[in-house]
Protein chains: 4
Amino acid sequence: MSRCETMPYRSIGICLKPGQPQLGEVVRTLKVWLEDRDYDVLLGPQAADAVEETGLDRSDLAEQVDLMVVLGGDGTLLAVARLIGHRRVPILGVNLGTLGFLAEISQEEMFETLEEVLAGRFHREQRMRLEVRVHRDGAVVGEYLALNDAVIAKTGISRLLDLEARADGVEVTAYHADGLIVSTPTGSSAYSLSAGGPLVLPGFEAVLLTPICPHTLTQRPLVLPADSGVEIRVHQTHEGDVRLTVDGQVGCEVREGDFVSARRSEHPVELLVPPDRNRFEVMRRKLRWGER
Amino acid sequence: MSRCETMPYRSIGICLKPGQPQLGEVVRTLKVWLEDRDYDVLLGPQAADAVEETGLDRSDLAEQVDLMVVLGGDGTLLAVARLIGHRRVPILGVNLGTLGFLAEISQEEMFETLEEVLAGRFHREQRMRLEVRVHRDGAVVGEYLALNDAVIAKTGISRLLDLEARADGVEVTAYHADGLIVSTPTGSSAYSLSAGGPLVLPGFEAVLLTPICPHTLTQRPLVLPADSGVEIRVHQTHEGDVRLTVDGQVGCEVREGDFVSARRSEHPVELLVPPDRNRFEVMRRKLRWGER
Amino acid sequence: MSRCETMPYRSIGICLKPGQPQLGEVVRTLKVWLEDRDYDVLLGPQAADAVEETGLDRSDLAEQVDLMVVLGGDGTLLAVARLIGHRRVPILGVNLGTLGFLAEISQEEMFETLEEVLAGRFHREQRMRLEVRVHRDGAVVGEYLALNDAVIAKTGISRLLDLEARADGVEVTAYHADGLIVSTPTGSSAYSLSAGGPLVLPGFEAVLLTPICPHTLTQRPLVLPADSGVEIRVHQTHEGDVRLTVDGQVGCEVREGDFVSARRSEHPVELLVPPDRNRFEVMRRKLRWGER
Amino acid sequence: MSRCETMPYRSIGICLKPGQPQLGEVVRTLKVWLEDRDYDVLLGPQAADAVEETGLDRSDLAEQVDLMVVLGGDGTLLAVARLIGHRRVPILGVNLGTLGFLAEISQEEMFETLEEVLAGRFHREQRMRLEVRVHRDGAVVGEYLALNDAVIAKTGISRLLDLEARADGVEVTAYHADGLIVSTPTGSSAYSLSAGGPLVLPGFEAVLLTPICPHTLTQRPLVLPADSGVEIRVHQTHEGDVRLTVDGQVGCEVREGDFVSARRSEHPVELLVPPDRNRFEVMRRKLRWGER
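Computed from a predicted structure; not experimentally measured. (Residues numbered from 1 in each chain as written. Chains lettered and ligands numbered in written order. Predicted model: local features only at pLDDT ≥ 70, side-chain atom pairs only at ≥ 80, totals over all residues. Heavy atoms only, no water.)

### Observations regarding helix H7 (residues 279-287) of chain A
Which entries qualify depends on this criterion: Any residue under 20% of the maximum accessible area for its type is buried, any over 50% is exposed, and the rest in between are partly exposed; the area is computed with a 1.4 Å probe on protein chains only. By definition, any uninterrupted DSSP run of H or I lasting at least four residues is a helix, any uninterrupted run of E lasting at least two residues is a strand, and each is numbered from the N terminus. Residues are treated as being in contact if the distance between any of their heavy atoms lies within 4.5 Å. A 3.5 Å cut-off defines polar contacts: any pair of N or O atoms within that distance qualifies, except that in protein one atom must be a possible hydrogen donor and the other a possible acceptor, and neighbouring residues in sequence count only when both atoms are side-chain atoms.
Taken together, the buried positions of H7 of chain A are occupied by Phe280, Val282, Met283, Arg284 and Leu287 of chain A. Buried-residue contacts for H7 of chain A involve helix H6 (191-194) and strand E14 (199-200) of chain A together with strand E11 (161-167), strand E12 (170-177) and strand E16 (222-225) of chain D. For H7 of chain A, the capping residue at the N-terminal end is asparagine 278 of chain A, with a side-chain oxygen 2.7 Å from the backbone nitrogen of phenylalanine 280 of chain A. Once H7 of chain A finishes, arginine 288 of chain A follows within two positions and takes phi at roughly 55 degrees, a positive value.

### Some points on a negative patch on the surface
Under the convention used in this document: Surface patches are drawn from residues lacking salt bridges whose relative accessible area is over 30%; two like charges belong together within 9 Å, two nonpolar side chains (Val, Leu, Ile, Met, Phe, Trp, Tyr) within 5 Å. In short, Shrake-Rupley with a 1.4 Å probe defines the accessible areas, and a residue's cover is counted only from the protein chains shown. One side-chain nitrogen of Lys or Arg within 4 Å of one carboxyl oxygen of Asp or Glu is enough to make a salt bridge. Charge counting follows a simple rule: Lys and Arg are positive, Asp and Glu are negative, and His as well as the terminal groups are ignored. Every charge is mapped to an atom, namely NZ of Lys, CZ of Arg, CG of Asp or CD of Glu.
A cluster of acidic side chains, namely Glu108, Glu109, Glu112 and Glu115 of chain A, defines a negative patch on the protein surface. With respect to the helices and strands, glutamate 108 of chain A occurs in the loop between strand E6 (105-106) and helix H5 (110-118).

### Some points on the interface of chain B and chain C
Our working definition: We define buried area as the total accessible area lost by two parts upon association, computed with a 1.4 Å probe and summed across both. Following the grouping adopted for this structure description, the nonpolar residues are Ala, Val, Leu, Ile, Met, Phe, Trp, Tyr, Cys and Pro, the charged ones are Asp, Glu, Lys and Arg, and the polar ones are all others, Gly among them.
Each partner contributes residues to the interface: chain B has 38 residues there, and chain C has 38 residues. Carbon and sulfur atoms supply 62% of the area buried between chain B and chain C, which totals about 3000 Å² over both sides. In this assembly, chain B and chain C are joined by 2 salt bridges. Glutamate 171 of chain C is paired through a salt bridge with arginine 284 of chain B; the nearest N and O atoms lie 3.9 Å apart. Contributing elements (two or more residues each) for the side of chain B that touches chain C: strand E11 (161-167), strand E12 (170-177), strand E14 (199-200), strand E16 (222-225) and helix H7 (279-287) of chain B. No other element matches E12 of chain B, which puts 6 residues into the side of chain B that touches chain C. For the side of chain B that touches chain C, the per-class residue count stands at 21 nonpolar, 7 polar and 10 charged.

### So, the relation of the copies chain B and chain C
Basically, it comes down to this: To superpose the copies, least squares is applied to the C-alpha atoms of every residue with a pLDDT of at least 70 in both.
Between the two copies, chain B and chain C, the superposition gives an RMSD of 0.1 Å; the rotation angle is 180 degrees and the shift along the axis is 0.0 Å. Put plainly, the chains are arranged around a two-fold axis. For chain B, the smallest separation between a C-alpha atom and the rotation axis is recorded for proline 198 of chain B, amounting to 3.2 Å. Both copies contact each other with a shared surface, as 100% of the interface residues of chain B are interface residues in chain C too.

### What to know about the sheet that holds strand E10 (residues 149-154) of chain D
Condition: For two strands to be treated as a pair, DSSP must find at least two bridges joining them.
Spatial ordering of the open sheet is given by E14(A)-E16(D)-E15(D)-E13(D)-E10(D)-E18(D)-E19(D), a layout of 7 strands whose pairing is mixed. Pairing within the sheet leaves two strands with one partner each, and these edge strands are E14 of chain A together with strand E19 (250-254) of chain D. When strand E15 (residues 206-212) of chain D meets E16 of chain D, the two strands line up antiparallel, connected through 4 bridges. Looking at the pairing, leucine 209 of chain D lines up with leucine 222 of chain D of E16 of chain D.

### Describing the domain arrangement of chain A
Interface size is often expressed as the accessible area that is lost when the parts come together. All names here are of chain A. This is how the line gets drawn: Residue ranges for the domains originate in an automatic or database domain assignment.
According to the domain assignment, chain A consists of domain 1 (2-127 + 268-287) and domain 2 (130-264). Taken over C-alpha atoms, the centre of domain 1 sits 29 Å from the centre of domain 2. On the domain 2 side, the residues contacting the 18 residues of domain 1 number 14 residues. For the pairing of domain 1 and domain 2, the buried interface totals around 1400 Å² over both sides, and the portion due to carbon and sulfur atoms is 68%. Taken as a group, Leu78, Arg82 and Arg127 account for 42% of the area that domain 1 buries against domain 2, more than any other trio of residues on that side.

### Quick look at the environment of threonine 113 of chain A
Residue and element names in this part refer to chain A. The topology assignment puts threonine 113 in helix H5. Given the relative accessible area of 7%, threonine 113 is considered buried. For the pair threonine 113 and asparagine 148, spaced 35 residues apart in sequence, the C-alpha to C-alpha distance is 25 Å. What threonine 113 contacts, discounting residues up to four positions off in sequence, is Leu92, Ile105 and Phe122.

### Points about the packing of helix H1 (residues 24-36) of chain A against H5 of chain A
All names here are of chain A. Formally: Helix axes are fitted to C-alpha atoms over the stretch in contact, other axes to C-alpha atoms as well, and angles between N-to-C directions run from 0 to 180 degrees. Take the far helix as the reference: if the near one is turned anticlockwise from it by less than a right angle, the crossing is left-handed, and if turned clockwise, right-handed.
Put simply, H1 and H5 touch, their axes get as near as 12 Å, and they point 35 degrees apart. For the pair H1 and H5, the sense of crossing is right-handed. Side by side, H1 and H5 meet where Val26, Thr29, Leu30, Trp33 and Leu34 of the first sit next to Met110, Phe111, Leu114, Glu115 and Leu118 of the second.

Encoded structure:
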């Protein structure tokens, strides 16, 4: 699930949460700290804005770095993971506010942590992603990488939707629900949990199908093997628009008759985590899981 | 909860589910059947269209009848109940397709049932309603009667909402959720059930607060006395529009800082039900409740 | 739900949690404090033991006092409520450790609270109870008053049970489950909540039927009016013993063919509560309800 | 997950559900049918009783056959799987009454199915099992193979238990609950589902921890990788006996301070299944999963 190795980083990217220009000082200090240690530092657009420099276009940035430091929360990290796409660039998430599921390092721990990371003492934890596609009339009209989840749901007043799920070409079940969440283990502590799904150890590989407010009493969340080829067909939309939303951030319209496919991507995200960290502790601290 | 009395109906309204012009024959036959028995028959707009007559405006209709026969499903009955408003007009719901929670009588049983109803042998079951208001800057900007529920939720991609509930002026709890359902016992088998709420015997009086996909592990559905003055304040909308939706059919926008009040209306709906019917059987048949 | 009145208490009972002889000092101080104010003080057996006096028999005690101070937790208060039976003796619950749902007053607040109580400034909150009976071959073989709940469940390895519920003589549903909890609103935050039941505002009157681990996907908790005459018939016990347990403390065996009846007792418990207390706050503090 | 191969069966065992002596005719017919095709037929004790022959001791039987036909339901198949232990004997489950999750073949399909099986046209579906051990003072005092689940729970009136779970030596969470179910994917449609656990595709490999009636609002079912070394420590038993129950059939006492370990056995069970069967259909038919 994870392995520890010498990581000869040379070029390090810094990405900043949008709308935080007041964090220029943090970016500047981090940049100087890294340059003092002879690393090339490349800034994403928000980070560049915050220090009033000219940054790189986001996709150029992902192309040119071999380590990405993300200053922000889980949302920023999800966006950066999408930006990195199929490249194998490890991510270190530094949360600027409250502890994140993905951005586990606090601002106070940042430099101490970076010493460890640059010395190759951090693990690279592989997190599986889903390759999500929207199919219409034989063509692919949308394509996404999901680290948390792909949600098919309505946007209007009436939320009810008729969906049918297949796995590896075989009928699984029909959903008469507000929507359906196709989630990774990483996403199991996010929206899927709110909808009644189980916690799945991040790092484990599996696909979860969690219905949102099923209008039948007999639906339950389902856990499938990671390599299941899942297909969700939109049977009836009643009225209003149906959307696919990936990681709560991007997506597209889905029409009656379209189907959404989701399968494990060959390109996991690599998160940098301390070698001795208890993987359950983040869940306990974030969720107050099991607290009395 | 119900009482049986001689009901001197004189003027009977017929309402038809919209978009069913092919049901002209049913409307015509029912009209003739009633007129043969010396009742005045008044048609709502859809029923009039179906028999190519000129119908009454809906609110005029409600004003002039003392019994309303609804041909359609639960949705049609919810709309007619709203139309009747504060008037005390009993409703007989005839479902044209599958059994409804509210429209319990099938088309086959219609005439036999009407004989009983007109002979005063049916019960009038009182179903409590909620008087729902949206308050903004000291003014009421929306006002509704809910027989099933009032739902506060987002319409956009990001569904997360911060709400605060008060009852009789006292803080109840805060919701960090996709939305909140304020439901009557009648509505307990509808959307609230999908969101994890309990079944409440229709005819009982209570108010349910059922959160939709709460993003905290510690939320649970709450049952309050029927006379609780519930207030829901919209604290933070994050992004996108928040809407109040009543009975899944009507509603309005709710803005940050608005609050929605809900309290038992003094004007229950009166449903006509057979004197000997088992009130749990409809739930069992509709929900497959308890089925193995 | 509650009312405030001048309460001419003369004789005050003190009950102590069993197995706490080290609390002699608390009992002694309280006794002296009350006697200094000219109240007669009567001690229950545990309280008497703790101060090495001779106490009254428990039922004599209940007969002779017009206010009962309970030093202990919710468990002790449940036992004292049972002891009081049909008498109208208000109870003040002082928790010796952590906050209770019923024993809301802390040891530090005890004397200050008693000043208020004795001055008649506390509310008497009525809490409905269930009169629970086990019927066998036409005879009543067990009879109890439940402030929290009556649980029908197995005691052996195999936990599965077939039950049938009726309300007011009408079939409600069948349960194929580990057991069934018949709960008051007071009990809704106890075992029923663990089994997935809703929170019901204590002070409201209703009866909850919450199945324990139903082996069918279609079961849901049910809320009935307080005056429903509930009957639970034990259809099949498979193997092992079935027991009725009241408030987690007392009970008896239930055999195949027996039925358990539960209806609102005419004798509620009266809890003394501060006039200005927020009834939801105890739930929030005890359950971390709604906490993020 | 499954593979198809020529299976040169020579010696076939027949096991019968206990307490079904009236099924002598089925056993006799099956025995003759197999002997006519030159297979050696060995009978388990119940099957032998039913035809008034002398059968083999159960463990001798498992030693000597290379295919086991089980006549009964899921319970009988669970018991036979335990009997087979570490041996690699494929099982064909024939249900004598209602469809089973494991005993999928009906009595009517038996001979037709056997033709296919003996021709090597059935799949051997591997179902992971858990090796479950009870540890006390450094010694193993109980050891079991679980195909469905291992349940740690109380047998007395008070059901509350304090447990602590660890995985691979690391603290997972604490449970304040009626008990804990450690389940395989095969067991996910059994007791774990009743307690709120997710469905996991049988044939997938994973371990589920599902608490029974957790007395904290923050517990959720957890899915772990199949190779997790799970340990459950019994911290406090309050009062009454704690038992480990494996597959609802066998088990032993667990004392305060004991711990129960569960890890994937190297010896899965091999179920014979038709090559073209939809693995979700059994779940749908048995559970009415997703039914409206």
